[in-house]
Amino acid sequence: MNRAFSILLLAATLGLTACAETGTYPVSSDQCAPTDPVKTLDADDCVVPGT
C-alpha cells in the first residue's frame, strides 16, 4: 500500500466515525440500549473459522 492510499483510508475512516451520534450505532443509526447483546461479548466469543 502506498502512503497516499493509507492517508486517504485513515481520513475516510475518521470521517465516517465522526458522523455517528452518541447513543446510536454508526451504520444502522439504531439507538443503543442497555440490553444490547454486544455488551456481553467477550474475546472468547470470537473464533476464527478453520482453526
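Residues numbered from 1 in each chain as written. Predicted model: local features only at pLDDT ≥ 70, side-chain atom pairs only at ≥ 80, totals over all residues. Heavy atoms only, no water.

(A) Molecular detail of the overall build of the protein chain. Along the protein chain, the regular secondary structure elements total 1 helix and 0 strands. The buried share of the protein chain, reckoned over its 51 residues, is 4%. Accessible surface for the protein chain amounts to roughly 4,800 Å². Of this, 65% is attributable to carbon and sulfur atoms. (Helix = DSSP H or I, 4+ residues; strand = E, 2+ residues; numbered from the N terminus. Buried < 20%, exposed > 50% of the residue type's maximum accessible area, 1.4 Å probe, protein only. Areas by Shrake-Rupley, 256 points an atom, 1.4 Å probe, with all protein chains shown as cover.)

(B) Representation of a nonpolar patch on the surface in the model. Together, Phe5, Leu8 and Leu9 make up an exposed nonpolar region whose accessible area comes to about 300 Å². Structurally, leucine 8 is set in helix α1 (residues 3-18). (Patch = residues over 30% accessible without salt bridge, like charges linked within 9 Å, V, L, I, M, F, W, Y side chains within 5 Å. Salt bridge = Lys/Arg side-chain N within 4 Å of Asp/Glu carboxyl O.)

(C) Spotlight on the side chain of aspartate 36. As for its position among the elements, aspartate 36 is in the segment after α1. Separated by 2.9 Å, the side chain of aspartate 36 and the backbone nitrogen of alanine 33 make a polar contact. If sequence neighbours within four positions are ignored, aspartate 36 has contacts with Tyr25 and Gln31. (Polar contact = N/O pair within 3.5 Å; in protein donor to acceptor, adjacent residues only side chain to side chain. Contact = heavy atoms within 4.5 Å.)

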